[in-house]
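Residues per chain, in single letters:
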Amino acid sequence: MTRRASGPTRRPTGPAPWVRTRLRATPYAALLTAALVLATAFLAAALPRALDRSADGALRELVARSGPTADALLATTTTPQRADSTAADARAADLDRVAGTFASHVRDPLRIAPAGEVYGSRSRSVRVLPGPSLPRPGNLPPVALLGYLNDLPSHAVLTAGRWPDTVHGARYEVALSEPVARLLGVHPGDRLDAGDATARPEDGRAEIEVVGVFRPTDPAGSAFWSGVDCATAPCQEFREVDDTPLPYWQVRAMVGRGELDALPTWAQGSEDFFQIPLDRDAFRTDRLPAVRGAIGSLLSGPQFVALQQATARVDFRVTSPLPTLVADAEHRRAAIAPLTVLGPVGAAGVACTVLLLAAALATDRRAAELRLLRARGASPGGLLRRLLGESAATVLPAAVAGTALALLTLPTPRWGGAVLGGAAVGLVALLAFPVHALRTSAPAAAPAAPDPGRADRRRLVLEGTALVAATTAAWPRPAAAWTCCWWPDRC
């Protein structure tokens, strides 16, 4: 009688999973491979993003160096004359309406800066201030202009008096900046004779009453004050007298919102101005053609015609220095393009070389194992699938992590080049070892007799290919590229 063994019955187990077994057998080699792929993928993804950030930064620096209004859209129009009893309120409302209409026509890829638009009105000619106590550097009396800026109290601090608001007949209430008030030697409550209008004496005599003195909180050269020159500080001008340039002072006094209807009567009318600063952070080198098209439409295209119709002002004119800056930026970009191509090409070659060398070393280390598997009947397809699975478990997470790290540490709106670089590194690292290992483990064929002529022809082809590739990379603008390197101011 047969006795049965007591205890649980063990089921026969199958072969251990290939990927897990290989990774456990050589954990340090797997970690080193993952680290190499992660670093290479990070560099491949970071290079295009670093180039994009550098190009965008150079574009914004070019705009910043060109002045406070280099990134702005400027519009001017003649101030309309009104004669109704509510002229001041109507003028202010109309000014706000035109400014809002102008801003609504600025669309993608252009974007208004967070500071918002600046607008106001200014006199187009001067009046002489004939007071005997006023400074006369060339024995010429100072002259004055009037100006209005929307939301002036938010950009200046009142140091004495109050803000102007109304006009009393031919007497204008004005506020002066501290440097202007110091030059003229006036204080709140003082009145200055404005004499006759220089261009139209029939406008009669006028008088300005200083009711306030202010100190600008924005820098004197900022975009907010660019539409009213000589307001934050007096300007020294020159006039030819008997072929001799004589200096004199020109100042601008600021009026209030309630005096807008009287501003055209100062001297020879006035004009309204509107300035929309654009967000420099939105300037990108890859969108320069779209920016040029959008600005051209606002200057003399469909958007310009729509603006004239929407504002009901036929002399509405829009100007901007941006077209010249965009053309300059495109010229610089085209000049340096060959040099920016050589960098990524060289980096790609180095990355591929490193990955292929790592695959070759791994193949040499496991050559005996792979030949034994082939000798025991492993098919090429089955062996390739196993090696691909082993490589994917190590390479793909590292490539994804390196690419994601580059995307996070180097923020830029463009991500296609970075993802493509990381994917290329992952693909090369994934296929390099399995393909090379499969080729090495194949049964050795009988050695053929060497053919010296074939080796010479192969060398000639390789050297010719390298020469053509190098010439093609530097051909588009070699002279301009070298000029850009040695003399950046000529780009």
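This one's a predicted model, so the numbers in the text were calculated from it and none came from an experiment. (Residues numbered from 1 in each chain as written. Predicted model: local features only at pLDDT ≥ 70, side-chain atom pairs only at ≥ 80, totals over all residues. Heavy atoms only, no water.)

*Asks:* Please provide a residue-by-residue account of the nonpolar core, values included.
*Replies:* Of all hydrophobic cores here, the largest spans 58 residues; its most connected members are F102, V174, L176, W266 and F274. Considering each element in turn, this core owes the most residues, six residues, to helix α3 (residues 87-104). With near-sequence residues (within four places) excluded, F274 lies in contact with L73, L74, A75, T77, L95, V98, A99, F102, V118, Y119 and F316. (Core = buried A, V, L, I, M, F, W, Y, C linked by side-chain atoms within 4.5 Å. Buried < 20%, exposed > 50% of the residue type's maximum accessible area, 1.4 Å probe, protein only. Helix = DSSP H or I, 4+ residues; strand = E, 2+ residues; numbered from the N terminus. Contact = heavy atoms within 4.5 Å.)

*Asks:* Let's hear about the environment of L405: which residues, and what values?
*Replies:* Here L405 shows up in helix α9 (residues 380-409). A sequence separation of 364 residues divides L405 from A41, and the C-alpha atoms of the two residues are 9.3 Å apart.

*Asks:* Requested: an account of a nonpolar patch on the surface, with residues and values cited.
*Replies:* Together, L427, L431 and V435 make up an exposed nonpolar region whose accessible area comes to about 260 Å². Within the fold, V435 resides in helix α10 (residues 416-440). (Patch = residues over 30% accessible without salt bridge, like charges linked within 9 Å, V, L, I, M, F, W, Y side chains within 5 Å. Areas by Shrake-Rupley, 256 points an atom, 1.4 Å probe, with all protein chains shown as cover. Salt bridge = Lys/Arg side-chain N within 4 Å of Asp/Glu carboxyl O.)

*Asks:* Give a description of the packing of helix α5 (residues 288-300) against helix α6 (residues 302-311) that names residues and reports values.
*Replies:* With their axes 5 Å apart at the nearest point, α5 and α6 run at an angle of 40 degrees to one another. For the element pair α5 / α6, the angle class is oblique. In the crossing of α5 with α6, the sense of the turn from one axis to the other is right-handed. In this structure, α5 uses S297, L298, L299 and S300 to contact α6, whose residues at the interface are P302, Q303, F304 and L307. The residue inventory of the contact of α5 with α6, partitioned by class, reads five nonpolar, three polar and no charged. (Axes fitted to C-alpha atoms, helices over the stretch in contact; angles between N-to-C directions. Parallel < 35°, antiparallel > 145°, perpendicular 65-115°, else oblique. Left-handed = near helix turned anticlockwise from the far one by under 90°. Nonpolar A, V, L, I, M, F, W, Y, C, P; charged D, E, K, R; others polar.)

*Asks:* Account for the pairing of strand β12 (residues 270-277), naming residues and giving values.
*Replies:* The buried count for β12 comes to eight of eight residues, which makes it a mostly enclosed element. The alternating pattern of β12 places S270, D272, F274 and I276 and E271, F273, Q275 and P277 on opposite faces, both of which are buried. Here strand β2 (residues 118-123) pairs with β12 via six bridges, running antiparallel. Bridge pairing in β12 links G120 to F273. (Pairing = 2+ DSSP bridges.)

*Asks:* I'd love a proper account of the pattern of salt bridges, names of residues and values included.
*Replies:* Overall, the coordinates contain 20 salt bridges when judged by the stated rule. Taking the shortest distance from any N to any O, the salt bridge between D52 and R414 comes out at 3.3 Å. In this pair, D52 is assigned in helix α2 (residues 27-65) and R414 in the loop between α9 and α10, connecting sequence segments 362 residues apart. For R414, a relative accessible area of 15% gives the class buried. Ionic pairing is found between E330 and R292, a salt bridge with its closest N-O pair at 2.4 Å. Note that E330 is positioned in helix α7 (residues 322-365) and R292 in helix α5, a separation of 38 residues in sequence. When its relative accessible area of 41% is taken as the criterion, R292 is described as partly exposed.

*Asks:* Run through the side chain of R122, naming residues and quoting values.
*Replies:* With respect to the helices and strands, the residue R122 is situated in strand β2. Within polar-contact distance, the side chain of R122 engages the backbone oxygen of G227 at 2.6 Å. Within polar-contact distance, the side chain of R122 engages the side chain of E271 at 3.0 Å. For R122, the contacting residues outside a window of four places in its chain are T76, L146, G147, G227, R252, L263, S270, E271 and F273. (Polar contact = N/O pair within 3.5 Å; in protein donor to acceptor, adjacent residues only side chain to side chain.)

*Asks:* Can you tell me about the packing of aromatic side chains, naming the residues and giving the values?
*Replies:* Enumeration according to the criterion identifies seven aromatic pairs in this entry. Aromatic pair F214 and W225: ring centres 5.9 Å apart, planes at 5 degrees, arrangement stacked. Of the two residues, F214 is situated in strand β9 (residues 205-216) and W225 in the loop between β9 and β10 (235-241); the sequence distance between them amounts to 11 residues. Under the relative-accessibility criterion, F214 is labelled buried at 0%. Here a set of aromatic residues connected by ring pairs shows up, and it is made of F102, Y119, F274 and F316. A cation over an aromatic ring shows up here: R127 above the ring of W266, its NZ or CZ 5.4 Å from the ring centre. Sitting over the face of the ring of Y248, R239 holds its NZ or CZ atom 4.9 Å from the ring centroid. (Phe/Tyr/Trp six-rings, centres within 6.5 Å; stacked < 30°, edge-to-face > 60°. Lys NZ or Arg CZ within 6 Å of the ring centre and 35° of its normal.)

*Asks:* Please set out the environment of L129 residue by residue, giving values where relevant.
*Replies:* Residue placement: L129 occurs in the loop between β3 (127-128) and β4 (143-149). For L129, a relative accessible area of 0% translates into the label buried. Spatially, the C-alpha atom of L129 lies 5.5 Å from that of V143, the residues being 14 residues apart in sequence. If sequence neighbours within four positions are ignored, L129 has contacts with L134, P141, P142, V143, A144, L192, D193, A194 and I208.

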